[in-house]
Amino acid sequence: MSESPDVAHKKRKLQDGPELEIDVSAPEPQSKKALRKAKKQKSEPTAEGSEKNEKKKLQPPKAGTEETPAKRSDYGVWIGNLAFTVTRDDLRQFFTSNCSFNDDTITRIHMPKGQEKFGKVQNKGFAYVDFSTPKALEEALGLSEQLVTGRRVLIKNAKSFEGRPEKSRDQENATIKPGHPPSRRIFVGNLGFDVTKEIMEGHFSQCGTLANVHLATFQDSGKCKGYGWVEFEDITSAETAVRGFMMVGEDEDSSDSSDTESEKPKKKLKSTKRKVWVNQLLGRRMKLEFAEDATTRYKKRFGKDGEGRKNDSESSETSGSERPRTFKPKKPEIDDSRYSKETVQRLSGAIVEGQGSKITFD
């Protein structure tokens, strides 16, 4: 059976050229796995290389390098307002060129590193420089307000803290929360909209006996607005709630009752107390702080100097027993000559009687 001319045309033709020669004796090429293994072995340090690195570590570093041992001396200065591009060599040159001591007098230069910018490491704008003699310290302090790479630096004694602001009492007593003084009434914020009064009572009853629970709600839906007030019968329960946790359990004595004190010493107490958190409700962390007492708030509003009393005193100052006058808005005056009577009635807001005829359809 003869092939059609189309099938014969589609057959591949051999390329005219020299035949390929294959060297059978050549070594087999390495696989990708073997190449990766060889590359990994090159990157790992050899035993000889590790010994050389250990020898380098044991050798004393050269002066002026970053690997100098951080040994602080009693004669050191703090230098600030530095440019971020200033290096240790710049500081060495600044002190040695403007002072009478040599480079060996500078025992340490500590310059904290900052963020990199354009691939270059920068400093944080200050540094510590230590000297070996007190005379060098005095000369270095005299260089304050001098220019270093275009900026006037500030040099102070590293052990002097003059000019530093003192810590306030609020910072010292950071654990004490700001706000109203401790009271039996606390404010609860960051509540969920699904919180109800019953849920609040059941949650805070574990802190102590409750006196009153008031929850702010919307008028239309009756749901919680996200805050409320809880009043306890004693202040200790309120302090426990504001702290956010309470300890549950008691300390047990593990010593046997039959053993006397003379025979065996008492063993250590086994603590079974555990911490129970009360500052979370329905998966939300609540804001708990002491609220102003209800009686104190009432006195502020309606006491002698309260807001409500001020309004009453202002009204009593009016002459006699006359009540304060109520001012009614005047109607606008309209010129009758320009408009007709009906138009004037409409503009003034008066009721206008209908004067037309009623049409009916039979």
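Everything below is about the structure printed above this text.
None of the values given here were measured: they were computed from a predicted structure.

1. A word on the sheet that holds strand β1 (residues 75-80)
Strand order in the open sheet formed by 4 strands is β2-β5-β1-β8, with antiparallel pairing between adjacent strands. Taken across any chain shown, the strands that pair with only one partner, and hence form the sheet edges, are β2 (106-110) and β8 (154-157). Taken pair by pair, the neighbouring strands of this sheet meet at an average axis angle of 20 degrees, ignoring direction. Bridging between β1 and β8 involves 4 bridges; their strand directions are antiparallel. Pairing of tryptophan 78 across the sheet is with lysine 156, part of β8. Lying over the sheet, helix α4 (residues 88-98) contacts β1, β2, β5 (126-131) and β8, oriented at roughly 140 degrees with respect to β2.

2. Comments concerning the packing of aromatic side chains
By the definition in use, this model includes 9 aromatic pairs. Taking 5.6 Å as the distance between ring centres and 80 degrees as the angle between the ring planes, the aromatic pair formed by phenylalanine 95 and phenylalanine 131 counts as edge-to-face. Here phenylalanine 95, found in helix α4, pairs with phenylalanine 131, found in strand β5; they are 36 residues apart in sequence, far enough to count as distant. Of the residues examined, phenylalanine 131 reaches a relative accessible area of 0% and is grouped as buried. Grouped by ring-pair contacts, the aromatic residues Phe94, Phe95, Phe101 and Phe131 constitute a single cluster. One cation-aromatic arrangement involves arginine 243 over phenylalanine 245; the distance from NZ or CZ to the ring centre is 5.1 Å. The ring of phenylalanine 245 is capped by lysine 275, whose NZ or CZ atom sits 4.5 Å from the centre of that ring.

3. Some points on unusual backbone geometry
Glycine aside, residues mostly have negative phi angles, and peptide bonds mostly take the trans form. Even without glycine at this site, glutamate 145 takes up a positive phi of about 70 degrees. Looking at the element boundaries, glutamate 145 is found in the loop between α5 (134-141) and β6 (147-148). Residue glutamate 145 is classed as partly exposed on the basis of its relative accessible area of 45%. Its identity is not glycine, yet leucine 282 carries a phi of approximately 55 degrees, on the positive side. Mapped onto the elements, leucine 282 comes out in the loop between β16 (280-281) and β17 (284-285).

4. Quick word on the nonpolar core
General note: in soluble globular proteins, nonpolar side chains tend to be found buried as a group. One finds Val77, Ile79, Leu91, Phe95, Val129, Phe131 and Ile155 to be the most contacted residues of the largest nonpolar core, which totals 23 residues. Broken down by secondary-structure element, the contributors of at least two residues to this core are β1, α4, β2, β5 and α5. Grouped together as the second largest cluster of nonpolar side chains are 22 residues, Leu191, Phe204, Val213 and Ala241 included.

Cut-offs and rules
Residues numbered from 1 in each chain as written. Predicted model: local features only at pLDDT ≥ 70, side-chain atom pairs only at ≥ 80, totals over all residues. Heavy atoms only, no water. Pairing = 2+ DSSP bridges. Helix = DSSP H or I, 4+ residues; strand = E, 2+ residues; numbered from the N terminus. Axes fitted to C-alpha atoms, helices over the stretch in contact; angles between N-to-C directions. Contact = heavy atoms within 4.5 Å. Phe/Tyr/Trp six-rings, centres within 6.5 Å; stacked < 30°, edge-to-face > 60°. Buried < 20%, exposed > 50% of the residue type's maximum accessible area, 1.4 Å probe, protein only. Lys NZ or Arg CZ within 6 Å of the ring centre and 35° of its normal. Core = buried A, V, L, I, M, F, W, Y, C linked by side-chain atoms within 4.5 Å.

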